[in-house]
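# Overview (structure and organization)
What follows is the residue order along each chain.
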Amino acid sequence: MTGTFHSGGSAPRTEKNTGEHGGAPARPAGGGGGPRLPFARSGAGSREIHHLGLVAALVLLSVVGLVTEPGNFATSGNVVGILALAATIGVITVGQTFVIIGGGIDLSVGSVMALASVWATTVATQSYGPAVMALCAVLVGTGAGVVTGLLISYGRLVPFIATLAMLVAARGLAQRMSDRRTQLVRPENDAIEALSTTKVLGLPLVVYIFAAVAAAGWLLLNRTTFGRRTFAVGGNPEAARLAGIDVRRHTLLLYALSGFCCGVAALIIMARTTTGSSTHGDLYELDAIAAVIIGGTLLTGGRGTVAGSILGVLVFTLITNLFILNGLQTSDQLIAKGAIIVIAVLLQRRGLRSPT
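This is a predicted model, so every value here is computed, not measured.

### A look at the overall build of the protein
The helix and strand inventory of the protein stands at 16 helices and four strands. Residue pairs in contact within the protein that sit at least 24 positions apart in sequence constitute 77% of those at least 6 positions apart. In the structure as shown, the protein presents an accessible area of about 16,100 Å², 65% of it carried by carbon and sulfur atoms.

Given below as structure tokens:
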């Protein structure tokens, strides 16, 4: 493994070898090759082309909406509704992007969001006011992420198993706490609802929360040591360990970040629905993973962008909106999403095999 970071007796390289916008640490020319070499070769050009492709898909879907439902699609109310709907799943997707780039996966995001919304809307929590409710949602989400991260990084459980266990446990705990009933946000805590009803420049505050989380995620991934280490850990965990990165602690932080995003998403869905419910977030984990995949992030880790994931969220949200406006069945929508995921993965594999 030492050939991964130094050749010819030179000093070991640090995580600064990781690409600023994605890619595992580059291997030297005589380093024996390996499965991570395509990541090192991938440049900003391929990412920009992929992003332009997603923008083109958004334009095409918008044209379809204008042709099929010209009286409903182009209204300001529908556009705001699309952005508000994208806010909840979008915040979760930001956290999922970090986890997948870091070589993991989080199947528990929907259940953790539901648990955070239920915990924050109990009678006891609401008695302390909206600020404590918001803090409770974020802390519960982060705490669940920490538990998952501990099981994976120090308990050495496979991410799929650990997050699957959290998916079941969090949903069950949410059902137990709420007695399977929907909990309403009390009128005296209408500051929570105001996040969805108060508009600035025509957009509700939840959209700005989404934008803030996305911007913070982009900066964290592309402009900090934490981001460079995330690419390194996802690209080659053993090489990252030899470079001096505490892989286990970093993995724990990635899942804590994902849980934090689930807590913020719980606050958004509480504002939009004025409820806390154990049914919130059903299948959100699939939507988040799908958005990350079509956004260009590799499921094997080591490469990806927050911008691509956000574009993926908008594509899926726009598809959902078009199906609703045209009165198509939910089953057809799920089939379409499944087909998009398969095509995206096949294109990723083809891109990795293509010579540079």
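### Digging into the nonpolar core
Counting 73 residues, the largest nonpolar core has Val91, Ile92, Phe98, Met113 and Ile192 as the members making the most contacts within it. With sequence-adjacent residues up to four places away left out, Phe98 is seen in contact with Gly217, Leu220, Leu221, Phe226, Thr230, Leu254, Leu257 and Val306. Counting residues in each nonpolar core, the second largest holds five residues, with Ala232, Val233, Ile245 and Val247 among its members.

### Considering the packing of aromatic side chains
Taken as a whole and judged by the stated rule, the model has one aromatic pair. Here the aromatic rings of Phe98 and Phe226 are separated by 6.3 Å at their centres, their planes lie at 45°, and the arrangement is tilted. Separated by 128 residues along the polypeptide, Phe98 in helix α4 (residues 76-101) and Phe226 in helix α11 (residues 225-235) bring together distant segments of the chain.

### Considering the state of the cysteines
Within the structure shown, the criterion is met by zero disulfides. No disulfide involves Cys261; its nearest neighbouring cysteine sulfur is the one of Cys262, lying 7.1 Å away. By relative accessible area, Cys261 is classed as buried at 2%.

### Quick look at the layout of surface pockets
Looking at the second largest pocket, its volume works out to about 550 Å³. Every residue lining the second largest pocket is counted, 22 residues in all, and those nearest its centre are Tyr284, Asp287, Thr320, Gln333 and Lys337. Every element with two or more residues in the lining of the second largest pocket is listed here: α4, α13 (247-273), α14 (284-294), α15 (306-325) and α16 (330-353).

### Details of the environment of Gly145
Mapped onto the fold, Gly145 is located in helix α7 (residues 130-153). As a C-alpha pair, Gly145 and Gly259 span 114 residues in sequence and 4.2 Å in three-dimensional space. With residues up to four places along the chain from it excluded, the contact list for Gly145 reads Tyr255, Ala256 and Gly259.

### Here's the deal with the pattern of salt bridges
Per the stated rule, a full pass over the model turns up three salt bridges. For Asp179, the salt bridge goes to Arg181, with nearest N and O atoms at 3.9 Å. Across the pair, exposure class does not vary: Asp179 and Arg181 are exposed alike. Across the pair Arg186 and Glu188 runs a salt bridge, and its minimum N-O distance is 3.7 Å.

### With respect to empty space enclosed by the protein
Considering all chains together, one arrives at one cavity of 30 Å³ or more under this definition. Roughly 30 Å³ of internal volume is contained in the largest cavity. For the lining of the largest cavity, the secondary structure elements donating two or more residues are α5 (109-120), α7 and α13. Looking at which element gives the most residues to the lining of the largest cavity, the answer is α7, with three residues. Here the lining of the largest cavity is built from residues that sort into four nonpolar, four polar and one charged.

### Describing α13
The periodicity of an α-helix, 3.6 residues per turn, causes residues three or four places apart in sequence to face the same way. Over its 27 residues, α13 runs 39 Å from end to end, which matches the ideal 39 Å to within 8%, given 1.5 Å per residue. Among the 27 residues in α13, 21 count as buried, and that is most of the element.

### Quick word on unusual backbone geometry
For Asp179, which is not a glycine, the phi torsion comes out positive at approximately 55°. Of note, the phi angle at Leu283 is positive, near 65°, even though the residue is not glycine. With respect to the helices, strands and loops of the structure, Leu283 is situated in the loop between β4 (275-276) and α14.

### As for a nonpolar patch on the surface
A surface patch of nonpolar side chains, amounting to about 450 Å² of accessible area, comprises Val158, Phe160, Ile161, Leu164 and Val168. Relative to the helices and strands, Phe160 is located in helix α8 (residues 159-178). Its relative accessible area of 44% is what places Phe160 among the partly exposed residues.

About the criteria used
- The numbering scheme is per chain: residues are counted from 1 as the chain's sequence reads.
- Owing to the predicted nature of the model, reporting of local features is limited to residues with pLDDT of at least 70; listing and counting of side-chain atom pairs is limited to 80 or more, with chain, interface and lining totals taken over all residues.
- Note that water and hydrogens are dropped before the side-chain values are worked out from all heavy atoms of the structure.
- A run of DSSP states H or I qualifies as a helix once it reaches four residues; a run of E qualifies as a strand once it reaches two. Both are numbered from the N-terminal end.
- By definition in these notes, contact holds between two residues if any of their heavy atoms fall within 4.5 Å.
- For accessible areas, the Shrake-Rupley method is used with a probe of radius 1.4 Å. Any residue's cover is judged against the shown protein chains and nothing else.
- In these notes, a set of buried Ala, Val, Leu, Ile, Met, Phe, Trp, Tyr and Cys residues joined through side-chain atoms within 4.5 Å is what counts as a nonpolar core.
- Working definition: with a 1.4 Å probe on protein chains only, accessible area under 20% of the residue-type maximum means buried, over 50% means exposed, and in between means partly exposed.
- The pairing test for Phe, Tyr and Trp rings, Trp by its six-membered ring, is centres within 6.5 Å, and the orientation test on the planes gives stacked under 30 degrees, edge-to-face over 60, and tilted for anything in between.
- We call a pair of cysteine sulfur atoms a disulfide whenever their separation is within 2.5 Å.
- Cavity and pocket criteria rest on a 1 Å grid covering protein atoms alone: a 1.4 Å probe that fits but cannot get out defines a cavity, protein on both sides within 12 Å along at least 5 of 7 lines defines an open pocket, and an atom within 4 Å of a point defines a lining residue.
- Grid points are joined across faces, edges and corners, and a volume is the space filled by probe spheres set on the points.
- When a carboxyl oxygen of Asp or Glu is within 4 Å of a side-chain nitrogen of Lys or Arg, the pair counts as a salt bridge.
- Classification used: nonpolar for Ala, Val, Leu, Ile, Met, Phe, Trp, Tyr, Cys and Pro, charged for Asp, Glu, Lys and Arg, polar for all others including Gly.
- Each helix should span, by expectation, one fewer than its residue count multiplied by 1.5 Å.
- Only residues above 30% relative accessible area that lack a salt bridge enter a patch, with like-charged residues linked at up to 9 Å and the nonpolar side chains Val, Leu, Ile, Met, Phe, Trp and Tyr linked at up to 5 Å.

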